[in-house]
Amino acid sequence: MDIQPTVQNIADAIASVLKIEVEIANHNFIRVAGTGEQKSGVLHQMEGDLVYQSAVRTGSPVIIENPGFESVCKRCLFYQDCSETGEICSPITYKGDPIGVIGLLAFNEDQRIRLFENTDDILKFLEKMANLLASKLHEHEMLEQVTNNSLKMTKMMNLVEQGIIMVDEQGNLAEMNVKAKMLLGINEKTTSEFQKKVCKFLKKIDFTYQNKRQTVSLTINGQEQQLLVTLQNLVTSQRASEYLLIIQAVEEIQHLADKAVEEKKKSFESIIGISPQQKEVKEYAFKASQSHSSILIQGESGTGKEEFAKAIHRASPRNDQPFITVNCGAIPDHLLESELFGYEKGAFTGANQTGKPGKFELANKGTIFLDEIGEMPTQLQVKLLRVLQQMEVERLGSTKTKPVDIRVIAATNRNLQGMVEDGMFREDLYFRLNVIPMMIPALRSRKEDILALSDYFIEQFNEQFNANVLGFGKEVKELMLNHRWKGNVRELKNFIEYLFNFIQNGWITLEEAESIISRKLDIEKQGQSPSPSFSLEKMEKETIEKALIYVKKNELPIEQASELLNIGRATLFRKIKKYHIDTSSHFDTFKV
C-alpha cells in the first residue's frame, strides 16, 4: 500500500504487454492494483480470494484452468458461477515472508489461450514481476530510511550548541543548522540574501587548514564578531568530498569556560569562610586542583585539611574517579604497609586467601589523601617515595609491580620541615609531596570566620536536635571572638554542640549560658585537658577593664564604656562588682 502508485503502473505495464488482465493484492487481500474491471475495486477488500489465500499460505504459484469448478473453488462465493476463464497467480515474498500475490486473469477465450499457451514462461514472468515488486518495496523502505535519517540528522544538528555547515567541493551548501544561521546573522526572507551571506562566510575559510581551528572575523548586524571554525574533510567517494564546518562564537566559548570554572569552584562552597585569608586559600586551592601534582596541606589540628582535600578532588579532572582516605596516624605500623600497598594470598599469617588490593590500587585514576603523613614510619617512607617516583605499586608477597595513575594529597599538623632537619622524615619524600604547598590559617587569625561558622553550625544543630536556636547574644559573640580556639573549627563545632545539649530555643545569651560554660571548663580542668582554653570570666573581666581604661584616657563618662561593650549601664556596674574591678584605678569619680 505504501507504493500503490508504483504497483498500479507495473500492473498496467504487464496488462499492456500480455493483453491479459492483472490483479495485485497485499497479504490482507486488499486489491492494491488492477486492470480492466478489477481497477474499480482497487483499495477495497477482495471477495472470492481463496486462490490467493492458497498462494500466500503455500508460498507457491496456483494455476486455475477451470475457474469455479476446481477443488480450491468449492468454498468460494462464485463456485460454479465464476466470470473468469483462467487464472495463474504467484506469491510476492519480501525478506522471506509473503506480503501479497500477483495474478493474471483471463475473462474470454482469447485471453485464456494467451494465458495457457506457455505456462512455464508465464510462471517465470510472474516470478520476475513479483521480485520486481519486492525490489520496489525495498527501494521505498531504503528511501524512507534515508529520509528519516536525514530528518533525524537535521533535528540532531539543530540540538547541538555549535553551528554546523556542510558544503561540497565546489562550495555548494548541503546542510546548515539553525545555530549556524544565527551565528552568521542569516534569515531566510530572500534566497539571494541567504546565499550572499553564506558565500561571504565561506570565502573567509581556508579549506587547506583541516582538522584545526581557525578564527574568522565577520560583521554581523553591524557588529564585529569573532568565530572559531573547525574544518573537517568528509570523503564520500573516490571522486567527491564534502566539508564539515563547526562554528562557535569566541564570546560564547569564553562564557562557557567561565561557567565551567564557576561550577568547579562550587566544590569549595562547603568550606565556610568569609575572611580574606580563607578566600585566598580557597582560590589558591582551586588553581591547584586543576593540575595533577602532589599537594601538601599543612595547618593546625581542626582547621579543615581533609575538607580542602575533598574539595580539591571534586574540582579536579579526576572528580569522577575514587577519592581514597588513609589516616597514617590511626593505623598501627605493622598494618599500614599492607593497607597502603595490598598483599598477595599467603603473604602473612591471617592474610586473606584471595589477596587484597591496597589503597593505592583502589585510588587508581583518582586521588589518595594521606592524612597525618608526619606519622608515617621511616621504613614506609621509602616505599611511598618509590610509588610517587615510578607510579607503580608492589603488593606484599609479590614480585610484580602494577602501574597506578594517582594524585597524592598529603596533610599534617606537624612541622614537616623541622622533622626533616631532625632526621625524622625523608627529605626527598618531603620535596616529592610538597610540589604544591598549602597552609590553612588557624581560626584565631581569621576572626570573621568564627561567626560565619557559628551560624553554619547553628543551622546544622537546629536540624539535628530539632531545635530553634536563633543565634548568640552580643556578649557571647564577643567572648567567642576573643577566644584562641586552639582546636580551631573542630573545637568551635564541639563547643556549639555542647551548648545545644542544654539550650535549644531562642537566643543563647551570656546570662543563660554562663553557668553552662563554666561547668564545662571546670570539668576540663579536673580532667587536665591539654587545652582548656575557654577562660570565660577572665576574658570578660579583661574586656571590661580595657573599656574602662579607654574611657578614662579619653575623659569620657562611664556610660561610654557600657556602649563600647554593647551592654546596659546597670549590667556594667553588676559585672564590675562581680569581678571586683577596682574602679579607683580607672576613675577618680564616675562621671554620671
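Up top is the structure these notes are about.
Before going into details, it helps to say that this report is about the structure given with it. (Residues numbered from 1 in each chain as written. Predicted model: local features only at pLDDT ≥ 70, side-chain atom pairs only at ≥ 80, totals over all residues. Heavy atoms only, no water.)

## A word on the packing of helix α10 (residues 333–341) against helix α12 (residues 378–390)
Axes are the key here: two packed helices are described by the angle between their axes and the distance separating the axes. Packing of α10 against α12 brings their axes to within 11 Å, and their N-to-C directions diverge by 10 degrees. Taken together, the axis directions place α10 and α12 in an arrangement best described as roughly parallel. Across the interface between the two elements, L336, E337 and F341 from α10 touch L380, K383, L384 and V387 from α12. (Axes fitted to C-alpha atoms, helices over the stretch in contact; angles between N-to-C directions. Helix = DSSP H or I, 4+ residues; strand = E, 2+ residues; numbered from the N terminus. Parallel < 35°, antiparallel > 145°, perpendicular 65-115°, else oblique. Contact = heavy atoms within 4.5 Å.)

## Quick word on the sheet that holds strand β5 (residues 97–106)
In space, the five strands of this open sheet follow the order β2-β1-β5-β4-β3, with antiparallel pairing throughout. Of all the strands in the sheet, the pair left with one neighbour each is β2 (31–34) and β3 (62–64). Neighbour-to-neighbour, the strand axes of the sheet open up by a mean angle of 15 degrees, direction not taken into account. As judged from the three bridges shared by β3 and strand β4 (residues 86–94), these two strands associate in the antiparallel manner. In the sheet register, V62 faces β4, and the bridge partner there is C89. The sheet contacts of helix α1 (residues 4–18) involve β1 (21–26), β2 and β5, and relative to β2 the element is tilted by about 35 degrees. Seen against the sheet, helix α2 (residues 50–58) touches β1, β3, β4 and β5 and runs at an angle of roughly 140 degrees to β5. (Pairing = 2+ DSSP bridges.)

## Section: unusual backbone geometry
The phi dihedral of F29 falls on the positive side, at around 60 degrees, and the residue is not glycine. Mapping F29 onto the fold places it in the loop between β1 and β2. When its relative accessible area of 13% is taken as the criterion, F29 is described as buried. The backbone phi angle of W485 is positive, close to 50 degrees, even though this residue is not glycine. For W485, a relative accessible area of 0% translates into the label buried. (Buried < 20%, exposed > 50% of the residue type's maximum accessible area, 1.4 Å probe, protein only.)

## Quick notes on the sheet that holds strand β11 (residues 295–298)
Read across the open sheet, the five strands follow the order β12-β15-β18-β11-β19; overall the sheet is parallel. Taken across any chain shown, the strands that pair with only one partner, and hence form the sheet edges, are β12 (323–327) and β19 (436–439). On average, each strand axis in the sheet is tilted by 15 degrees relative to the strand beside it, whichever way the strands run. Here five bridges tie β12 to strand β15 (residues 367–371), and the two strands are oriented parallel to one another. What sits directly across from I324, in β15, is I368. Packing against the sheet, helix α8 (residues 276–289) makes contact with β11, β18 (407–412) and β19, and its axis sits at approximately 155 degrees to β19.

## Examining the environment of Q460
Summarising the element assignment, Q460 is placed in helix α15 (residues 448–464). Classification of Q460 by relative accessible area gives partly exposed; the value is 31%. Spatially, the C-alpha atom of Q460 lies 34 Å from that of I406, the residues being 54 residues apart in sequence.

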